[in-house]
Amino acid sequence: MSLTAELFDLPAHQFRVFWDASGSLWQSLWDRLLDLTGDNPLLVWTIGTWLYTSCVYWALGTLYTLADVTGRPAFLRRYKVQPGTNEPVEPGRLRAVIRQVLTNQLATGLPLMCGVYYLLPLQSRTEIRRLPTFLTALWQLAVCVLIEEPLFYYSHRLLHHGRLYRYIHKRHHEWTAPIAITAIYCHPVEHALSNLLPVAVGVLATGCHISVAWLWFTLAISNTLHVHSGYHLPFLPSPEQHDFHHLKFNQCYGVLGVLDWLHGTNDLFYRSKQAKRDYILTTLEPVRQTYPDS
């Protein structure tokens, strides 16, 4: 082999070594987890998924809520999307949110997960030991993102229809300045139709491994908590569009914004000051300082 070929092959070889070692590490950790919990596919897919997603929701949601309740750390107030709101959050409203969210997770989320399990392809229900390859996980996550967008956009917009809104979706819009854990503060019908199904359909369509499903659920949960948080924090996705939706009700129905652009349901948003602030903050300077109201 020529010296040039060897030089080009060296980084490729090192990457293959790293990839094999990394894959072995994750597989080893996954095996240890299943050895601890048991590898009954039904229990892992249903009870395991419910416990995992609930823990992710409350672990992240509690961090935001502590900031809302205590006002600390104080510097976070500089990143408020709607300054002066929920400072601090009212205890009575907070208790109502916690009760409804717990009810939705238990009475809606757990039964739906049981239904999803029996709709999964046989391989997904039986083979939970062996982790998928990185490329497999990557394309499956991409498909989940693409499927969620139209399902969430159209189901969400349907819930804003005049004949449905006051009966179902109005509860979620009690918060014109939302806090993180209001992400699934909603009517149980809305939770099933607009929160859970758009996320679950991608898992069914790809027949992905449970580890990929858990990764996808983690991304979806952390994103919805953040866009409801009321904080535009550095290095995290912008919450401006969804916060504007809570403020104006008839704008910015989607997650990615593609269908809002297609249907013209973000025109008012793009004429607003909030649109100038709708970017990932890569410095510590708050967007309201860069683009003040006046």
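Conventions and cut-offs
- Each chain has its residues counted from 1, running along the sequence as written.
- Two thresholds apply to this predicted model, a pLDDT of at least 70 for residue-level local features and 80 or more for giving and counting side-chain atom pairs, whereas whole-chain, interface and lining totals are computed over all residues.
- Excluded from the side-chain calculation are hydrogens and water; included are all heavy atoms of the structure.
- Throughout, nonpolar core names a set of buried Ala, Val, Leu, Ile, Met, Phe, Trp, Tyr and Cys residues whose side chains join them through atoms within 4.5 Å.
- Exposure categories follow from relative accessible area, calculated using a 1.4 Å probe and restricted to protein chains: below 20% of the type maximum is buried, above 50% is exposed, and the middle band is partly exposed.
- Numbering goes from the N terminus for both helices and strands, where a helix is a DSSP run of H or I of at least four residues and a strand is a run of E of at least two.
- We call two residues contacting when some pair of their heavy atoms lies within 4.5 Å.
- Interaxial angle, 0 to 180 degrees, is taken between N-to-C directions of lines fitted to C-alpha atoms, where a helix line uses only the stretch in contact.
- Oblique is the label for any angle not covered by the other classes, which are roughly parallel (under 35 degrees), roughly antiparallel (over 145) and roughly perpendicular (65 to 115).
- Left-handed is the label given to a crossing in which the near helix is rotated counterclockwise from the far helix by less than a right angle, and right-handed is the label when the rotation is clockwise.
- Polar here means any residue other than Ala, Val, Leu, Ile, Met, Phe, Trp, Tyr, Cys and Pro, which are nonpolar, and Asp, Glu, Lys and Arg, which are charged; Gly is therefore polar.
- For Phe, Tyr and Trp, rings pair up if their centres lie within 6.5 Å, where Trp contributes its six-membered ring, and each pair is then called stacked (planes under 30 degrees apart), edge-to-face (over 60) or tilted (otherwise).
- Whether a charge lies above a ring is judged from NZ of Lys or CZ of Arg, which has to be within 6 Å of the ring centre and within 35 degrees of the ring normal.
- Between the first and last residue of a helix there are one fewer steps than residues, each counted as 1.5 Å, and that sum is the expected span.
- Two axes enter the definition of the bend at a residue: one is fitted to the seven residues ending there, the other to the seven starting there, and the bend is the angle between them.
- Scored from 0 to 100, pLDDT records how confident the predictor is in each individual residue.
- In the analysis that follows, any N or O atom pair within 3.5 Å is treated as a polar contact, provided that within protein one partner can donate a hydrogen and the other can accept it, and provided that, for residues neighboring in sequence, both atoms belong to side chains.

**Considering the nonpolar core**
1) Next: Core analysis: the largest hydrophobic core is formed by 24 residues, its most contacted members being Y57, V101 and I181.
2) Next: Elements represented by at least two residues in this core include exactly α2 (41-70), α3 (91-119) and α8 (210-227).
3) Next: With 5 residues, the top contributor of residues to this core is α2.
4) Next: The residues contacting V101, other than those within four sequence positions of it, are Y57, W58, I181, I184 and Y185.
5) Next: In this structure, V44, L141, V203 and W216 belong to the second largest nonpolar core, which totals 23 residues.

**Details of the packing of α2 against α8**
1) Next: The N-to-C vectors of α2 and α8 enclose an angle of 25°; their axes lie 10 Å apart at closest approach. The pairing of α2 with α8 is recorded here as roughly parallel in orientation. Crossing angle aside, the handedness with which α2 passes α8 is right-handed. In contact with V44, W45, G48, T49, Y52, T53, V56, Y57, L60, G61 and Y64 of α2, α8 contributes I210, A213, W214, F217, T218, I221, S222, L225 and H226.
2) Next: Its residues placed into classes, the contact of α2 with α8 shows 13 nonpolar, 7 polar and no charged.

**A word on the packing of aromatic side chains**
1) Next: Evaluation of the coordinates by the stated rule reveals 11 aromatic pairs.
2) Next: Aromatic side chains F244 and F269 sit 5.3 Å apart centroid to centroid with 65° between the ring planes, which places their arrangement in the edge-to-face category. Note that F244 is positioned in helix α9 (residues 240-248) and F269 in helix α11 (residues 267-270), a separation of 25 residues in sequence.
3) Next: Judged by its relative accessible area of 3%, F244 falls in the buried class.
4) Next: Lying across the ring of Y117, R125 places its NZ or CZ 5.8 Å from the centre.

**Looking at α3**
1) Next: In this model α3 runs 41 Å from its N-terminal to its C-terminal C-alpha over 29 residues, within 8% of the 42 Å that 1.5 Å per residue would give.
2) Next: The largest bend along α3 reaches roughly 30° and is located at G109, with the proline P111 sitting one to four residues downstream.
3) Next: Residues L94, V97, Q100, V101, N104, Q105, T108, G109, L110, M113, V116 and Y117 constitute the buried set of α3.
4) Next: Buried residues along α3 sit against α2, α4 (122-126) and α7 (188-206).

**A word on the environment of L225**
1) Next: For L225, the position within the fold is in helix α8.
2) Next: Residue class for L225 comes out buried when judged on its relative accessible area of 0%.
3) Next: Each C-alpha atom, one on L225 and one on S238, is 12 Å from the other, the two residues being 13 residues apart in sequence.
4) Next: The residues contacting L225, other than those within four sequence positions of it, are V56, Y57, L60, G61, A180, I181 and A183.

**Section: helix α5 (residues 134-159)**
1) Next: The terminal C-alpha atoms of α5, which comprises 26 residues, lie 37 Å apart, in line with the 38 Å expected from a rise of 1.5 Å per residue.
2) Next: Buried residues of α5: A137, Q140, L141, C144, I147, E148, E149, F152, Y153, S155, H156 and L159, and no others.
3) Next: Tucked into the core, α5 has its buried residues touching α6 (162-165), α7, α8, α9 and α10 (258-263).

**So, the confidence of the model for the protein**
Close inspection of predicted coordinates is inappropriate in any region flagged by low pLDDT.
1) Next: Residues with a pLDDT of 70 or more make up 92% of the protein, whose mean pLDDT is 92.
2) Next: Note that pLDDT drops below 50 for residues 1-5; the model gives that stretch 1 contact with residues more than four away or on any other chain.

**Brief notes about the side chain of S238**
1) Next: Within the element layout of this structure, S238 appears in the loop between α8 and α9.
2) Next: One polar contact links the side chain of S238 to the main-chain amide nitrogen of E240, over a distance of 3.2 Å.
3) Next: Polar contacts involving the side chain of S238 include one to the side chain of D278, which spans 2.6 Å.

**Comments concerning unusual backbone geometry**
1) Next: That bond from R72 to P73 is cis: its omega, 0°, falls within 30 degrees of zero.
2) Next: Between E87 and P88 the backbone carries a cis peptide bond, its omega angle lying at -5°.
3) Next: Its location among the elements puts P88 in the loop between α2 and α3.
4) Next: Backbone geometry at N86 places phi at a positive 55°, although glycine is not the residue there.
5) Next: Within the secondary structure layout, N86 lies in the loop between α2 and α3.
6) Next: Backbone geometry at F235 places phi at a positive 70°, although glycine is not the residue there.

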